[in-house]
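Here are the chains, one letter per residue:
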Amino acid sequence: MDHSVWLGSSVFDGARSVRGHMPDLRPHLQRVIHSAERLGMQCPLSVDEMEVLVREGVAKFPPDAELYIRPLVFATDGLLVPVPEKSAFALTLFDAPMPPFTGFTACLSALLRPDGRMAPTDAKASSLYANTTRVLREAKSKGFDNAVVCDMDGNVAEFATANLFFVTPEGAVVTPALNGTFLAGITRARVIALLKEDGVHVEERSVRPDELTTATEIFNTGNFGKVTPCVRYEERALPVGPVATRARDLYFAFLEAN
């Protein structure tokens, strides 16, 4: 009878603990509160209370564990509209080894991301992941690991599971500008800031799909793998390039310091 089971009214976030280091933990916890509010729910815990639980849970694992941290807020009551004060909370921590830096393959999806007039795109809502799984099923049926998804205007939004970056033939580092059709990734923002500190400017702008066909590097950023290179886009092989490698090195140096 829970509203969340019946009507999909749940939100979550994903953070990481890698050998006890938890980079950007509090922004992830703050975002689950924001996501809940966008769906008419009310997270019953504060950021401080969630952080205490996370650190208590991480301490139960071996010191070298690589974990996924998933706070979840879900509605338990309401006919069609959730009853905010009856929102519930669950925290899950589980083993999730960091993927190797060997890369993934991707194609261009025929499916699109919805915009904010169609779906709660400003929240990390569980209901949005039906779109993601459709894209992944399509990609895997074609023999690819992942796919690039466009917005309603035909511009590149992101990969099915993470934010997208690429390097142009002229050497510019580009990522699609935030336009309300995909989540503003916390890891995306961190990588942009780290590259800037390292002297690398990242252009945030509209991206047409054909730009990816001439890119010298394509990579993604996201909580699960942090920075992961795309080694084949459609039928074209791509290198694990210097920008992706530097972005990953910078991120893991940041991780070790936090």
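- The protein is annotated in an unreviewed UniProt entry as branched-chain-amino-acid transaminase from Pseudoduganella armeniaca.
- Per UniProt, the protein carries the Function (unreviewed entry) text "Acts on leucine, isoleucine and valine."
- Listed in UniProt under the heading Sequence similarities (unreviewed entry), the comment for the protein reads: "Belongs to the class-IV pyridoxal-phosphate-dependent aminotransferase family."

Focus: the side chain of Asp 115
Thought 1: Position of Asp 115 relative to the elements: it lies in the loop between strand E5 (104–112) and helix H4 (129–141).
Thought 2: When near neighbours in sequence (up to four residues on either side) are disregarded, Asp 115 contacts Thr 121, Met 152, Gly 180 and Thr 181.

Describing the pattern of salt bridges
Thought 1: Counted under the stated rule, the structure contains 16 salt bridges.
Thought 2: One salt bridge in this structure joins Arg 26 and Asp 48, with 2.9 Å as the shortest N-O distance. Of this pair, Arg 26 sits in helix H2 (residues 25–38) while Asp 48 sits in helix H3 (residues 47–58), placing them 22 residues apart in sequence.
Thought 3: On the basis of relative accessible area, Arg 26 is assigned to the partly exposed category, the value being 37%.

Rules and cut-offs
In every chain, residue numbers begin from 1 and rise along the written sequence. Restriction of local features to residues with pLDDT of at least 70 applies here, the model being predicted, together with a cutoff of 80 or more for giving and counting side-chain atom pairs; totals for whole chains, interfaces and linings are based on all residues. Heavy atoms throughout the structure, all of them, feed into the side-chain values; hydrogens and water do not. UniProt positions are given in the numbering used here, feature names are shortened, and annotations may be inferred rather than shown by experiment. Only DSSP runs of H or I covering at least 4 residues are called helices, and only runs of E covering at least 2 are called strands; the numbering of each starts at the N terminus. Contact between two residues is taken to exist if any of their heavy atoms lie within 4.5 Å; hydrogens are not considered. By definition, a salt bridge exists where a carboxyl oxygen of Asp or Glu is found within 4 Å of a side-chain nitrogen of Lys or Arg. Whether a residue is buried, partly exposed or exposed follows from its accessible area with a 1.4 Å probe, protein chains only, as a fraction of its type maximum: under 20%, in between, or over 50%, in that order.

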